[in-house]
Amino acid sequence: MEEVDVEPAVTNIPAASDGTHLGFAWGPGDILVYETLYKTSGAKASGCPFIHEVRKDEDIYSPILRKLFNESHHIFVGLQTIREDLPSKNKKPQFVSISKNYRSVIRACMEELQQVAVSTKVSQVALQYGNQVSILLAIELIWNLCEVLFIEAAPAGSLLLHLLDWVRLHKADVDEKAREVLQSESPAEHHDYWDVVVSYVLQGRLEEARQMLVKQATLQPAARKMYKLMDALLSKMPFYNPGGTQTLTEFDVKWRHWHEEVDRCLQDNSFASNKHLELICKVLVGDEDTLLAHKDLLSTWYHFLVTRLLFCHPTVKPTELHYYAQSCMTMFLDPRSVPEPLDSILLAAFEFDIHQVIKDCSIALNNWWFVAHLTDLLDHCKLLQSHNLHFGSNLREFLLLEYASGLFTHHSLWQLAVDYFDHCPEFGRVYLELQIERVPLDTERKALKVLRICEQRQMSEQVRSICKIMAMRALRNNRLGSALSWSIRAKDAAFATLISEKFLQDYCARGTFSDLDLIDNLGPAMLLSDRLTFLGKYREFHKLYGEKRFSEAAKLLLSLMTAKIAPRSFWMTLLTDALPLLEQKEVIFSADQTHELMFCLEELTSSLNNTTPGTDRPMQDEDIEVTKVELLRLALARNLAMAIVKEGTVEA
């Protein structure tokens, strides 16, 4: 794929009368804003204004984000190949795998942006990349949740396990803090030690919490019994195993017994002498006040939601999620603050309102990449069947068309957009036809790419248009061979005739043909126009003459004139070409052929003599023509005499 990373040049525009004005010009993917400075009477303009390009989708110009577009394109094309007739049960693992592939591409891109943001010394660039990282973090967070709720469609029991993985993946600062603690000289005395332990518990990572508590227990032999009791509570906490033999009801009974045991320990003041262990015990019973007191460790309302479900409602059903999500968001956020767009999107997901998720993401995010690909995947999962639009295509196609149209404004990503249009059955073809005409044909290589795309899709009108543009450009640059090649490809008879004329004029001026390879290999294409046919046949005459196949050459030359294929303006050239054949020692032209040549010469001279007054050629040219005619008449008379003698001798 072509990659030419150049910024568009700034274009100066001339100044006019007085005043300052702004003007706008709309392009396919951006707006041109220009300021016009006008001269006041008797004063000179202070400077020349500039044209500013306002892009609606700046992300496609980021070299790192382009990797996201390229990689996701491959995943998208692969998704379209999944057979519709497969049972849903068989397709579900494939859809989950594709969803994870999309997320892995997002994460890889995010990590690269993070590295560049850290390493760059330009603060503005660091800020730009930092913003892009934040956006991708939010995108991956939303996508992951949609994967759990809509694509995996995890049932009660399994649902909580998926949500725990979701929170752990997006709350990775705990591991960073844990590394700092463990790498210190005395981890148990580190100021962040208890924050790490409590954070592990809040995320349900009880094994890691136990390992951390062992370090504290060794420093406090007197409290060993208390630490042992906490270790036992943590180790006994049941987690649902979807692949096991235990039913959800049996798990629920077991979990309630454990929960009652933890509550007894709290009521018995078993950890009263150690505020940290008591705090952990309160977390284990799901005490809301304790959880809300540690907002700094939870950091988000949806982490609070998952922690609350873990220690209070581990068998939560998907249909109950919206109630807990709403209450946790209300409890966690400041009642005076307005929820961020991300909060609204996640809440809509917990409410299983797919349409609202897509709508809010379309408004909040700065490009169509996320909503287009997520909607496409959800549509393949048969989750968007009820969401058809009232103005044409369905939601999936609408978003894909918008995304692909944005790609078409980029100098190389437009090639990806073609596949997206191909998979929009209702309007994709129309959009492609409109957008492909806007691709600037900067080079012949790019023109061939565009042409191949059009030819593969039988877009005959666009094929002709591209070929005509390239043919005209080649003609302006005096590249006749290229111009002829493009006009043949366009099947444009009129233009092929024009270029053939240019070839013949060029031959008359120089005495040789340019682009011999092309003319020698015209094949059936020479039948496109009479003039092109003549050009090909005339070149064939020269080849026969060069190979000393004089009889065949003479026959072909005569047929070009008698069949009226040759233009009248070229007859004198053809008759002049006949002179060497007439001067041969061996008779080449028969008596009949010589008569025909004489007839052609007389027809030509009579038309020259009847030239309208005022169009007379210069005297010198006229003298040359008269000399040629005299030489031809003499040669023809001599050849006729020799031919008659030869033919008479043969008959005798």
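Presented here is an overview of the structure given in this document.

Rules used throughout
- Residues numbered from 1 in each chain as written.
- Predicted model: local features only at pLDDT ≥ 70, side-chain atom pairs only at ≥ 80, totals over all residues.
- Heavy atoms only, no water.
- Helix = DSSP H or I, 4+ residues; strand = E, 2+ residues; numbered from the N terminus.
- Buried < 20%, exposed > 50% of the residue type's maximum accessible area, 1.4 Å probe, protein only.
- Contact = heavy atoms within 4.5 Å.
- Salt bridge = Lys/Arg side-chain N within 4 Å of Asp/Glu carboxyl O.
- Expected span 1.5 Å × (residues − 1).
- Axes fitted to C-alpha atoms, helices over the stretch in contact; angles between N-to-C directions.
- Nonpolar A, V, L, I, M, F, W, Y, C, P; charged D, E, K, R; others polar.

### Focus on the overall build of the chain
Piece 1. Scanning the chain from terminus to terminus reveals 30 helices and 3 strands.
Piece 2. Going through the 652 residues of the chain one by one, you find that 45% of them count as buried.
Piece 3. Within the chain, counting contacts between residues at least 6 apart in sequence, those at least 24 apart form 63% of the total.

### Quick look at the pattern of salt bridges
Piece 1. The tally for this structure, following the rule as stated, stands at 23 salt bridges.
Piece 2. Ionic pairing is found between Glu261 and Lys236, a salt bridge with its closest N-O pair at 2.7 Å. Within this pair, whereas Glu261 is found in helix 9 (residues 248-267), its partner Lys236 is found in helix 8 (residues 224-236), the two being separated by 25 residues in sequence.
Piece 3. Take Glu261: its relative accessible area is 21%, and that puts it in the partly exposed class.
Piece 4. Measuring nitrogen to oxygen at the nearest pair gives 3.0 Å for the salt bridge that ties Arg479 to Glu444. Remark: Glu444 occurs in helix 21 (residues 444-456) and Arg479 occurs in the loop between helix 22 (460-476) and helix 23 (480-489); sequence separation between them is 35 residues.
Piece 5. Classification of Arg479 by relative accessible area gives partly exposed; the value is 38%.
Piece 6. By relative accessible area, which is 33% here, Glu444 ends up partly exposed.

### Re the side chain of Ser199
Piece 1. Summarising the element assignment, Ser199 is placed in helix 6 (residues 193-202).
Piece 2. You can call Ser199 buried: its relative accessible area is 7%.
Piece 3. Discounting residues that sit within four places of it in the chain, Ser199 has contacts with Val174 and Leu297.

### Let's talk about unusual backbone geometry
The phi torsion of most residues other than glycine is negative, and most of the peptide bonds are trans.
Piece 1. Here the phi dihedral of Ala153 falls at roughly 50°; this positive angle occurs in a residue that is not glycine.
Piece 2. Examined against the element boundaries, Ala153 turns out to sit in the loop between helix 3 (123-152) and helix 4 (158-169).

### So, helix 27 (residues 550-562)
Piece 1. The end-to-end C-alpha distance of helix 27, which contains 13 residues, comes to 18 Å, matching closely the 18 Å that a straight helix rising 1.5 Å per residue would cover.
Piece 2. For helix 27, the set of buried residues is Phe550, Ala553, Ala554, Leu556, Leu557, Leu558, Leu560 and Met561.
Piece 3. Downstream of helix 27 by one or two residues, Lys564 has phi in the positive range, about 60°.

### Observations regarding the packing of helix 13 (residues 301-312) against helix 15 (residues 341-350)
Piece 1. Relative orientation of the contacting elements helix 13 and helix 15 amounts to 30°, with a least axis distance of 11 Å. Residues Trp301, Tyr302 and Leu305 of helix 13 form the contact with helix 15, whose own contacting residues are Leu342, Asp343, Leu346, Leu347 and Phe350.
Piece 2. Partitioning the contact of helix 13 with helix 15 into residue classes produces 7 nonpolar, no polar and 1 charged.

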